[in-house]
Amino acid sequence: MGLAGPTLTRPLSGVPLPARPEISGHAHPGAQITVRDKDDREACATTAARDGTWARTPAPALPPGANRLQAVATLNGVSAMSEQLDIAVTED
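All values derive from a computational prediction rather than experimental measurement.

Reading guide: rules and limits
- Residues numbered from 1 in each chain as written.
- Predicted model: local features only at pLDDT ≥ 70, side-chain atom pairs only at ≥ 80, totals over all residues.
- Heavy atoms only, no water.
- Salt bridge = Lys/Arg side-chain N within 4 Å of Asp/Glu carboxyl O.
- Helix = DSSP H or I, 4+ residues; strand = E, 2+ residues; numbered from the N terminus.
- Buried < 20%, exposed > 50% of the residue type's maximum accessible area, 1.4 Å probe, protein only.
- Pairing = 2+ DSSP bridges.
- Axes fitted to C-alpha atoms, helices over the stretch in contact; angles between N-to-C directions.

Draft legend 1. Local environment of the pattern of salt bridges. Evaluated as defined, the whole model comprises 5 salt bridges. As a salt-bridge pair, Asp 86 and Arg 68 come within 3.1 Å of each other at their nearest N and O atoms. Here Asp 86 is found in strand 9 (residues 85-89), whereas its partner Arg 68 is found in strand 7 (residues 65-75), with 18 residues between them in sequence. Look at the salt bridges and you will find they share partners, linking Asp 37, Asp 39 and Arg 41 into a network.

Here it is as structure tokens:
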């Protein structure tokens, strides 16, 4: 049986974002979550809580302009990816 893909619930697509927006979603409880940007750089990483929720703020800040986020959940050597989320980061 495969691992269900994680979801990205924040940030919202189409809304101008600060360089360090909260990134959050849902995944299988205990899964390691890694969020990557359009250039395959790690934006943030965390572990899903017992209820499947997860949230993290990117460090370092995301570069200004158009970008894309995608979450990858990994548990027991099995990985699953979320849908891609298009975002726009404003200049500070």
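Having seen it, we continue.
Draft legend 2. Up close: unusual backbone geometry. A cis amide bond, omega 5°, links Arg 10 with the succeeding residue Pro 11. If you trace the backbone, Pro 11 turns up in the loop between strand 1 (7-10) and strand 2 (16-17). You will see that Asp 40, though not glycine, has its phi angle at about 65°, which is positive. By the secondary structure assignment, Asp 40 is in the loop between strand 4 (32-36) and strand 5 (42-47). Non-glycine residue Asn 76 carries a positive phi angle of around 50°. Looking at the secondary structure, you find Asn 76 in the loop between strand 7 and strand 8 (78-81). Overall, the relative accessible area of 75% leaves Asn 76 in the exposed class.

Draft legend 3. The arrangement of the pairing of strand 8 in detail. Sheet analysis places strand 7 next to strand 8, joined by 4 bridges and oriented antiparallel. Paired with Thr 74 across the strands is Ser 79, a residue of strand 8. Here strand 7 hands over to strand 8 after 2 residues, with Asn 76 in that stretch at a positive phi of 50°.

Draft legend 4. Representation of the sheet that holds strand 3 (residues 23-26) within the structure. Pairing is antiparallel across the open sheet formed by 3 strands, whose spatial order is 1-3-6. Looking at which strands have only one partner, the edges of the open sheet turn out to be strand 1 and strand 6 (53-56). In this sheet, adjacent strand axes meet at a mean angle of 30° when their direction is disregarded. Inspection of the sheet shows strand 1 paired to strand 3 by 3 bridges, in the antiparallel sense. When the sheet's bridge partners are listed, Leu 8 is paired in strand 3 with Gly 25.

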